Amino acid sequence: LGFAKYTAVWDGNGGVLQSFFSPNGKPTLFAGRAVKIRGRYDERGYLVEAAFFFFYDSAVRTDEGCARVTMTYDEHGNMINWACFDEGGQSVRATDGSARREIDYDGGNISEIRYFGTNGLLGLYEENYAITKRKHNPQGKDTEEAYFDAEDKPVKSMDGYAKVTY
């Protein structure tokens, strides 16, 4: 994973500061650019916020393009919302092109993901679609993934297909 030692210091209010160190004891990079991650957990123990820091506690974006991410969960513990923010706390596009994702589930399996821009609107992102829909077999394995625009019309991904059947 790129580090030799890991420390976690809990603050007693649902927060934790995680730090990563090299074999010589110096802070080392994790998630591409961060040496520290400040996480906040909800009362059920789910990570609801993660902020990433470089040396001297300056905010830094990870390889995913976010300096801070937030997550919300449904009553079953499924992540239903994910959002990406820059060093100043403004909505920013992650490396996949979306700034926020809403996720629906069917029996514990992801059935739909909607991708939003920094303007808060559903829209096409880097892969050329705004919505991913998945179907599953009775065992919960993915059987189909299809791509749609913001009007729910089929579109081709950047790879040139509108639907993948497994």
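See above for the structure.
Residues numbered from 1 in each chain as written. Predicted model: local features only at pLDDT ≥ 70, side-chain atom pairs only at ≥ 80, totals over all residues. Heavy atoms only, no water.

This brings us to the sheet that holds strand E1 (residues 5-10). Spatially, the 11 strands line up as an open sheet ordered E1-E2-E3-E4-E5-E6-E7-E8-E9-E10-E11, and their pairing is antiparallel. Bordering the open sheet on either side are E1 and strand E11 (163-165), each of which pairs with just one other strand. Each strand of the sheet is rotated relative to its neighbour by a mean of 15°, with strand direction disregarded. Here six bridges tie strand E5 (residues 68-73) to strand E6 (residues 79-85), and the two strands are oriented antiparallel to one another. Bridge pairing links Thr-72 to Asn-81 in E6. (Pairing = 2+ DSSP bridges. Helix = DSSP H or I, 4+ residues; strand = E, 2+ residues; numbered from the N terminus. Axes fitted to C-alpha atoms, helices over the stretch in contact; angles between N-to-C directions.)

Position of Gly-14 relative to the elements: it lies in the loop between E1 and strand E2 (15-21). Overall, Gly-14 belongs to the partly exposed group, its relative accessible area being 25%. The spacing of Gly-14 and Arg-44 is 30 residues in sequence and 9.9 Å in space, taken between C-alpha atoms. If we skip the residues at most four places from it in the chain, Gly-14 touches Gly-39, Arg-40 and Tyr-41. (Buried < 20%, exposed > 50% of the residue type's maximum accessible area, 1.4 Å probe, protein only. Contact = heavy atoms within 4.5 Å.)

Membership of the largest hydrophobic core comes to 15 residues, with the highest contact counts inside it found for Phe-52, Cys-66, Val-69, Trp-82 and Cys-84. Elements with a contribution of two residues or more to this core: strand E4 (47-53), E5 and E6. Ignoring sequence-local partners within four residues, the contact set of Phe-52 consists of Ala-34, Lys-36, Ile-37, Ser-58, Ala-59, Val-60, Thr-62, Cys-66, Ala-67, Arg-68 and Val-69. (Core = buried A, V, L, I, M, F, W, Y, C linked by side-chain atoms within 4.5 Å.)

Attention shifts here to the packing of aromatic side chains. For the coordinates displayed, the defined rule picks out five aromatic pairs. An angle of 70° between the planes, with centres 6.0 Å apart, marks the rings of Tyr-115 and Tyr-129 as edge-to-face. Within this pair, whereas Tyr-115 is found in strand E8 (residues 109-116), its partner Tyr-129 is found in the loop between E8 and strand E9 (131-136), the two being separated by 14 residues in sequence. On the basis of relative accessibility, which here comes to 7%, the residue Tyr-115 falls in the buried class. Residue class for Tyr-129 comes out buried when judged on its relative accessible area of 8%. By way of ring pairs, the aromatic residues Tyr-115, Tyr-129, Tyr-147 and Tyr-161 are connected into one cluster. One residue, Arg-38, lies across the ring of Phe-53, its end atom 4.6 Å from the ring centre. (Phe/Tyr/Trp six-rings, centres within 6.5 Å; stacked < 30°, edge-to-face > 60°. Lys NZ or Arg CZ within 6 Å of the ring centre and 35° of its normal.)

In terms of residue burial, strand E10 (residues 142-148) counts as a mostly covered element, since five of its seven residues are buried. The pairing of E9 with E10 spans six bridges and is classified as antiparallel. Note that in E10 the partner of His-136 across the bridge is Asp-142. Hairpin geometry of E9 and E10 is characterised by an intervening segment of five residues between the two adjacent antiparallel strands and by a positive phi of about 90° at Gly-140. Taken together, the three bridges between E10 and E11 define a ladder with antiparallel strand orientation. Bridging across to E11, Glu-144 finds its partner in Thr-165.

Once that is clear, we can look at the environment of Leu-17. Note on placement: Leu-17 falls in strand E2. Placed 20 residues apart in sequence, Leu-17 and Ile-37 show a C-alpha to C-alpha distance of 5.8 Å. Setting aside residues no more than four positions away along its own chain, Leu-17 makes contact with Thr-7, Ala-8, Val-9, Lys-36, Ile-37 and Arg-38.

Read these as geometric descriptors, not functional statements.
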